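A look at the structure
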Amino acid sequence: MASSDMPLVALHDVNKHFGDLHVLQDINLAINPGEVVVVIGPSGSGKSTLCRTINRLETIDSGTITIDGQELPKEGKELAQLRAKVGMVFQSFNLFAHRTVLDNVMLGPMKVRGIKKPEAKKRAMELLERVGVGNQAEKYPAQLSGGQQQRVAIARALAMDPKVMLFDEPTSALDPEMINEVLDVMTDLAKGGMTMIVVTHEMGFARKAADRVVFMADGQIVEEAEPDTFFTNPTSNRAKDFLSKLITH
């Protein structure tokens, strides 16, 4: 169990290259239990790569990443166990098309955690109700809107009882009218004390739900601050430039 004075997620001197491209440059970041950190920045700044290294969907070249005090293992069973502590919601919903919504949410707990079917079903239904799609439980993903599918994806991640939730641009593939229904679920999660790392272009969400905004550019963390401070008084030229473009377009 992590003590409250120890970060739940910690990246220390993390570097990552894609060929000649240095996508993460000496990243140092600590996220405390219950903290909501929103990562923003221009396209290609390394935000999604950062997110994907935290559950080792991307390997790193150097540095360390710890979750709950444990360093991320390279592979195998230990990695699977540690990964189970990290829920992930992607841009694309990645639901199993040939399984019902309910089955999608039940599958992980039964397979990975060995939870019995009746218990898994009860928990899955509670989570589907919580994200507002309980009435869609017997449908297949293709029968749902994008916003509904993304909410099912959130319920599926929560079903594993993660210590931390990663969101990698969860609304960028959605039609505008569906974005808020997903952000509302995420805001409720944040209010409920879930530790969250959110890569997003939704500045309203960052202002409302974040405890801290991390601004990235060119593979580096350029600045981090509380939302009010960051949005009203950014210190770096890169952040000022980024924000001025947002406000004028």
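Residues numbered from 1 in each chain as written. Predicted model: local features only at pLDDT ≥ 70, side-chain atom pairs only at ≥ 80, totals over all residues. Heavy atoms only, no water.

Looking at an unreviewed UniProt entry, one finds the protein named ABC-type polar-amino-acid transporter and attributed to Bowdeniella nasicola. In the Sequence similarities (unreviewed entry) part of its UniProt record, the protein is described as follows: "Belongs to the ABC transporter superfamily." (UniProt positions renumbered as here; feature names shortened; annotations may be inferred.)

Bringing the nonpolar core into the picture now. Within the largest apolar cluster, 53 residues are counted, with the highest numbers of intra-cluster contacts made by Ile-154, Met-165 and Met-196. Of the residues forming this core, the biggest block, 8 residues, is contributed by helix H6 (residues 176-191). Ignoring anything within four residues of it in the chain, the contact list for Met-196 reads Glu-35, Val-36, Val-37, Met-165, Phe-167, Met-186, Leu-189, Ala-190 and Phe-205. (Core = buried A, V, L, I, M, F, W, Y, C linked by side-chain atoms within 4.5 Å. Buried < 20%, exposed > 50% of the residue type's maximum accessible area, 1.4 Å probe, protein only. Helix = DSSP H or I, 4+ residues; strand = E, 2+ residues; numbered from the N terminus. Contact = heavy atoms within 4.5 Å.)

Time to look at the sheet that holds strand S4 (residues 62-67). Strand pairing in a sheet relies on backbone hydrogen bonds. The paired strands run either parallel or antiparallel. As summarised here, the arrangement of the 4 strands in space is S2-S1-S4-S5, forming an open sheet in which the pairing is antiparallel. The open sheet has two free edges, formed respectively by strand S2 (21-31) and strand S5 (70-71), since each of these has just one partner strand. In this structure, strand S1 (residues 9-18) lies alongside S2, joined through 7 bridges in antiparallel fashion. Residue pairing for S2: His-17 is matched across the bridge by His-22. (Pairing = 2+ DSSP bridges.)

Turning our attention to the packing of helix H5 (residues 146-158) against H6. Contact geometry of H5 with H6 gives a least axis separation of 8 Å together with a crossing angle of 20°. Accordingly, the angle class assigned to the pair H5 and H6 is roughly parallel. Crossing hand, H5 versus H6: right-handed. Contact with H5, carried on its side by Gly-146, Gly-147, Gln-148, Gln-150, Arg-151, Ile-154 and Leu-158, involves Met-178, Glu-181, Val-182, Val-185, Met-186 and Leu-189 of H6 and no other residues of that element. A per-class count over the contact of H5 with H6 returns 7 nonpolar, 4 polar and 2 charged. (Axes fitted to C-alpha atoms, helices over the stretch in contact; angles between N-to-C directions. Parallel < 35°, antiparallel > 145°, perpendicular 65-115°, else oblique. Left-handed = near helix turned anticlockwise from the far one by under 90°. Nonpolar A, V, L, I, M, F, W, Y, C, P; charged D, E, K, R; others polar.)

What follows concerns the environment of Ala-137. Structurally, the position occupied by Ala-137 is in the loop between helix H4 (117-130) and H5. Spatially, the C-alpha atoms of Ala-137 and Val-101 are 5.0 Å apart, while their sequence positions differ by 36 residues. With sequence-adjacent residues up to four places away left out, Ala-137 is seen in contact with Thr-100, Val-101, Leu-102, Met-125 and Leu-128.

This part covers the sheet that holds strand S3 (residues 36-40). Strand order in the open sheet formed by 6 strands is S6-S7-S8-S3-S9-S10, with mixed pairing between adjacent strands. Looking at strand neighbours, the two that pair on one side only are strand S6 (86-89) and strand S10 (220-225), the edges of this open sheet. Mean inter-strand twist for the sheet, computed between neighbouring axes without regard to direction, equals 20°. Pairing of strand S9 (residues 212-217) with S10, which is carried by 5 bridges, proceeds in the antiparallel orientation. Note on S10: the bridge partner recorded for Ala-217 is Gln-220. Of the strands in this sheet, S3, S6, strand S7 (164-168), strand S8 (195-199) and S9 are in contact with helix H1 (residues 47-54), which crosses S7 at around 150°. Packed on one face of the sheet, H6 meets S3, S7 and S8 and runs near 145° to S8.

The final tally for this structure, using the stated rule, is 11 salt bridges. Residue Glu-58 pairs with Lys-16 through a salt bridge whose shortest N-O separation is 3.8 Å. Of this pair, Glu-58 sits in the loop between H1 and S4 while Lys-16 is found in strand S1, placing the two residues 42 residues apart along the sequence. No difference in accessibility class separates Glu-58 from Lys-16, as the two residues are buried. Two residues, Arg-238 and Asp-218, come together in a salt bridge whose shortest N-O distance is 2.5 Å. Here Arg-238, found in helix H9 (residues 237-248), pairs with Asp-218, found in the loop between S9 and S10; they are 20 residues apart in sequence, far enough to count as distant. Judged by its relative accessible area of 36%, Arg-238 is partly exposed. (Salt bridge = Lys/Arg side-chain N within 4 Å of Asp/Glu carboxyl O.)

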